[in-house]
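Here's the letter readout for the chains.
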Amino acid sequence: MSFHQIFANQFRAPAANPSRLTENYAVSSILLYRMGKEHAGRPAARTEGYKMTDAQMRYPRLVSKRLMLISPADPVFDANAAFLSPDAPRFIDAAEDPDSLWWSVATIIGHWHLHGYGLFAVVERHTGRTVGLVGPWFPKGWPEPELSWHLMEPGHGKGYASEAAQCVLDWLFTDAGWDSIVSYVPEENDASIALARRIGARPEKLVSFRLQPAPNIRTWRHVPPGCTTASPAARGLLH
Amino acid sequence: MTAAIPTLETDRLILRAPALADFEALCAFYASERAAFVGGQMDAEDVWRQLALEIGHWRLRGYGRWAVEERSSGQIAGIIGLWNPHGMPEPEIGWDLFSGFGGKGYATEAASAARAYAYDVLGWTTVVSLVDPDNHASAAVAKRMGASLEGTVTRKRFGELQVWRHLGPDDLAAGGMEAYA
């Protein structure tokens, strides 16, 4: 998956009339945990009458030698600052479209809520800087969950993608109990193919599905260490 | 900031976090002609991402749209709330009411709760709604809430939209309930 296909519908949209659009960063996020009736100060709106309840969710955090992996949906992670602020580094494979980036990050966060897993933000431990997104990605229409990786420019060329991907695989196979996950890699993407091989994935069939329209996408399968055969469904499908 | 999405309760409706349980109802909405007014029809794959986006919007902005449940039936009647993905001219109150739930004042009831939330909790001083010029039912909701038509804006996927400016918090404080009677 390339990054600009995360929110495919947005990316297919016709061009806007830029003269009629402005960006709006003016409305800041609020501290939702502070909310309550005691903060409902305005009498007019109080007449509407409502009450509020909260729900919480736990997110895994993973640590490798040089990296910390945290869900971008985790309340302690500031996804706006890491990915969307004007000085945030750009993703290597992202489209030059701020709407698309915002919609993609929102969709990645929502994916965690819908599945309980998703792409982790990859944080460089010695700087605290976010350098990418790596993790299982399984939107509706995907044939099966994909281990997917997207590096930002400062994370390039340091082996971070393979370190983070290996960390996620260890978590999936050891703690989360998964027995298989694939990566969908374009045949011409030598860097990702090398990465897939480095972390032990094996090539299977070429695939095509609607939201991944590029030709020559190959399935690369990851299985737990010591598991020498691919899953039964995958056997015999190597082209 | 927490990951919590608040629940609001009105006389007849419960506004709660969108969830996977809403997926089928959203698919039916986005497959229906009603979707023509909200950017066009979407298939299940795009609706799933839209649902993820609705939830992610809450984390990125600190507010968003709620799944609106009809108290009497427990069914989801629509997606209504505060909407401001990147590319919006300014935050809006949006109401996507599902088939079978029109004509009951539900959009007005839920949108009024969302407006109150924007002013009470978020401290906003103004908010608009963007309405497709052919969506007369939606314009009627804006009018019923006391909003005034102030112009048009053109957006991706949506074309030209009417900009309805809602009564501000001070208007509501001064006029009380009769401000939108």
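Below: a short report on this structure. For clarity, every value in this text was computed on a predicted model and none was experimentally measured.

On to the overall build of chain A. On a plain count of helices and strands, chain A comes out with six helices and eight strands. Taken from N to C terminus, the helices and strands of chain A fall in the order α-α-β-β-α-α-β-β-β-α-β-α-β-β. When the 239 residues of chain A are sorted by exposure, 36% land in the buried category. Sequence-distant contacts, at least 24 apart, represent 61% of the contacts inside chain A between residues at least 6 apart.

What follows covers the overall build of chain B. Assigned secondary structure in chain B consists of five helices and eight strands. Each helix and strand of chain B, placed in order from N terminus to C terminus, yields the pattern β-β-α-α-β-β-β-α-β-α-β-β-α. Its C-alpha atoms give chain B a radius of gyration of 15 Å, near enough to 16 Å, the size a compact globule of 181 residues would have. Judged by the C-alpha coordinates and their principal axes, chain B covers about 45 × 35 × 35 Å. Burial status across chain B gives 50% buried among its 181 residues.

Within the largest apolar cluster, 104 residues are counted, with the highest numbers of intra-cluster contacts made by Val122, Val134, Ala164 and Val168 of chain A together with Val68, Ile80 and Ala110 of chain B. With 10 residues, helix α3 (residues 106-120) of chain B is the largest single contributor of residues to this core. Discounting chain neighbours no more than four positions away, the residues touching Val68 of chain B are Leu13, Leu15, Ile76, Ala77, Gly78, Ile79, Ile80, Tyr106 and Ala110 of chain B.

In this section: the packing of helix α1 (residues 23-31) of chain B against helix α2 (residues 44-61) of chain B. When two helices pack together, their arrangement is given by the angle between the helix axes and the distance between those axes. Residue and element names in this part refer to chain B. For the pair α1 and α2, the least separation of the axes is 9 Å and the interaxial angle reads 120°. Classed by the angle they form, the pair α1 and α2 counts as oblique. At the point where α1 passes α2, the crossing takes the right-handed sense. Note on element contacts: α2 touches α1 through Ala44, Val47, Trp48, Gln50 and Leu51, opposite Phe23, Leu26, Cys27 and Tyr30. Partitioning the contact of α1 with α2 into residue classes produces eight nonpolar, one polar and no charged.

On to the environment of Val128 of chain B, then. All names here are of chain B. With respect to the helices and strands, the residue Val128 is situated in strand β6 (residues 128-131). C-beta crowding within 10 Å serves as the criterion here: with 22 such atoms nearby, Val128 is assigned to the buried category. With 115 residues separating them in the primary sequence, Val128 and Leu13 have C-alpha atoms 22 Å apart.

All names here are of chain B. Counting buried positions along strand β5 (residues 92-97) yields six of six residues, so the element is predominantly enclosed. In β5, alternate side chains face the same way, and those of Glu92, Gly94 and Asp96 on one face and Ile93, Trp95 and Leu97 on the other are all buried. Two strands pair when backbone bridges link them, and strand β4 (residues 76-83) and β5 are joined in this way by six bridges, in the antiparallel orientation. What sits directly across from Ile79, in β5, is Asp96.

The rules behind these values
- Residues numbered from 1 in each chain as written.
- Chains lettered and ligands numbered in written order.
- Predicted model: local features only at pLDDT ≥ 70, side-chain atom pairs only at ≥ 80, totals over all residues.
- Helix = DSSP H or I, 4+ residues; strand = E, 2+ residues; numbered from the N terminus.
- Buried ≥ 20, exposed ≤ 12 C-beta atoms within 10 Å, placed from the backbone.
- Contact = placed C-beta atoms within 7 Å.
- Rg over C-alpha atoms; globule rule 2.2 N^0.38 Å.
- Core = buried A, V, L, I, M, F, W, Y, C linked by C-beta atoms within 7 Å.
- Axes fitted to C-alpha atoms, helices over the stretch in contact; angles between N-to-C directions.
- Parallel < 35°, antiparallel > 145°, perpendicular 65-115°, else oblique.
- Left-handed = near helix turned anticlockwise from the far one by under 90°.
- Nonpolar A, V, L, I, M, F, W, Y, C, P; charged D, E, K, R; others polar.
- Pairing = 2+ DSSP bridges.

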